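Residues per chain are reported as follows:
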Amino acid sequence: MSGPLPPTARPVRPATLVRFACLALLLTLCACTAAPRRPDPSGQPAGATVATTPAPQLLMVSIDGLRADALGRGDTPNLDRLAAGGVRAQKMRPSYPVLTFPNHYTLVTGLRPDRHGVVHNTMKDAELGRFIVADKDAGRVPGWWQGVPLWTSAERAGIATAVWAWPGASAPRDGVLPRYWHEFDASIPLDARMDQVAAWMTTPDGPRPGLVAVYLENVDGAGHDHGPDAPETHAAIRAVDAAIGGLLARLDAAGLSDRVNVVVVSDHGMANVPAGHYLAVEDMASMEEAEVVSIGQVIGLIPRPGHEAAVTRRLAGRHSHYECWPKAEIPVRLHYGHHPRVPPLVCQMDEGWNALPRETLQKRNAEGTQDHGAHGYDPDSPTMAAVFVAHGPAFREGLVLPPFDNVDVYPLLVHLLGIAPQPNDGDPTTLLPALREP
Ligand code: AMP
Ligand code: ZN
Ligand code: ZN
């Protein structure tokens, strides 16, 4: 962790713990043997000194789980102001699977999850073992994160970078880490996070970062716990919007408002989960027949030796509340099924439905707890649509762009930083109309 920060103020969401605990029930965690170089925990500049970046700083903020239609309805005065004075998309299509880690890494690589290797929040790799979101050690193992993230390319080009909790930023790529870094910690209040981000961006001592990436989980958490339309979720959206507004005000006060390009994105939206819309994953395939790699909305199954043909025959195709595909038959539009980490069978739940271990379902029934919101559904569903807002000296004013894929954001970001793109799946022309000087 970096910088002086207030003590824990808020516990980790119980539902998050339940989700990760139920994953732990299914999965045996690998003992990760790699020893990646750790970022300087002081948050101070580490390594070579780089001259202050003369170009405008790029501030990228991700609001996990903010649905495209959340803008302009009273909860987001600061984002609406950015959009009015800049550019916004009608909506941005997430990549498949519509989950947090795959999509965050897509945004900073321009690669589809099938190409960057973070094929799910929960994965199994023949050499690396298991990956789950909550396992910080696994998150630091470079092998999980393929492709070259934006901060690595920027650092190589001599641009200092600062990252708050963006998935993938704790794994060194070829030994390179963001210059300033803070790991994910849901207990840190939003204002304290923004204090740190403002301190990074305005530091008089070290190099000011040319790229700052901030990940905020609060809206996603409220959306899961209470549902996308619940008052608690509206409150979380307002709180995050206010925190961003506070950060922008501080940058303004520091004389930086014309020197910062701001790009606000989300990874996906959120769908309502009606009561009882849960299936037991054991009813898809018994544990004797198949290993369950992932649960929830995108279920990955590895049939056990000798059961391959029977399990595949029984599951492939349409069922009530879900559809399964052998890996080679996943619809082309989803751009998924080539990476070795994608399991042989993938089952996609219908919107609003989830598959969980029976034990978890029984526990939740007994406790009367269940998630009221979820994502991980069809990337073309309006409920899964993500947000894109951009503002600053590089951007035109008052432009609303038609929908585009989130892989197209990366070419824009490298353009803003003035660095060469790595091979990617994005279309560099999609966001050219957003720029004052394409
Ligand atoms: P999901 O909703 O399953 O796609 O996962 C997103 C949730 O994971 C967020 O709401 C956070 O609570 C949590 N999360 C995000 N990043 C991390 C991280 N680096 N370590 C642990 N938990 C995280
Ligand atoms: Zn997410
Ligand atoms: Zn989520």
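Residues numbered from 1 in each chain as written. Chains lettered and ligands numbered in written order. Predicted model: local features only at pLDDT ≥ 70, side-chain atom pairs only at ≥ 80, totals over all residues. Heavy atoms only, no water.

**Quick word on the coordination of the zinc ion (ligand 3)**
Working step 1: Of the protein atoms, only D220 (OD), D220 (OD), H224 (NE2) and H375 (NE2) coordinate the zinc ion (ligand 3), at distances of 2.0 to 2.4 Å.
Working step 2: Spacing between the donor residues of the zinc ion (ligand 3) along the chain follows D-x3-H-x150-H.
Working step 3: Distance-wise, the zinc ion (ligand 2) is placed 4.2 Å from the zinc ion (ligand 3). In this pair, H224 sits in helix α8 (residues 218-226) while H375 sits in the loop between β18 (373-374) and β19 (388-391), placing the two residues 151 residues apart along the sequence. (Donors = N, O, S within 2.8 Å, 3.2 Å for Na, K, Ca; no water. Helix = DSSP H or I, 4+ residues; strand = E, 2+ residues; numbered from the N terminus.)

**Details of the coordination of the zinc ion (ligand 2)**
Working step 1: Coordination sphere of the zinc ion (ligand 2), protein contribution only: D64 (OD), T100 (OG1), D267 (OD) and H268 (NE2), at 2.0 Å.
Working step 2: One can describe the site at the zinc ion (ligand 2) as tetrahedral: its four donor atoms subtend angles covering 95 to 125 degrees at the metal.
Working step 3: Sequence spacing of the donors to the zinc ion (ligand 2): D-x35-T-x166-D-H. (Tetrahedral: all angles 85-135°; square planar, octahedral: opposite > 155°, others 65-115°.)

**Quick notes on the sheet that holds strand β20 (residues 399-401)**
Working step 1: Within the open sheet, the eight strands sit side by side as β7-β6-β8-β1-β9-β19-β2-β20. Their pairing is mixed. The two strands at the open ends of the sheet, each matched to only one other strand, are β7 (180-182) and β20. Here the strands of the sheet are splayed against their neighbours by 10 degrees on average, with no regard to which way each runs.
Working step 2: Direction of pairing for strand β9 (residues 260-265) relative to β19: antiparallel, over a ladder of four bridges. Looking at the pairing, V264 lines up with V389 of β19.
Working step 3: Relative to the sheet, helix α7 (residues 190-202) contacts β1 (57-63), β6 (161-164), β7, β8 (211-216) and β9, its axis offset from that of β8 by approximately 175 degrees. (Pairing = 2+ DSSP bridges. Axes fitted to C-alpha atoms, helices over the stretch in contact; angles between N-to-C directions. Contact = heavy atoms within 4.5 Å.)

**Quick word on the state of the cysteines**
Working step 1: A full pass over the atoms with the stated rule returns one disulfide.
Working step 2: Between the sulfur atoms of C324 and its disulfide partner C347 the distance amounts to 2.1 Å. On the sign convention where negative is left-handed, the bridge of C324 and C347, at about 105 degrees about the S-S bond, is right-handed. Taken together, the residues span a long stretch of sequence, with C324 in strand β15 (residues 322-326) and C347 in strand β16 (residues 345-349) at a distance of 23 residues. (Disulfide = S-S within 2.5 Å.)

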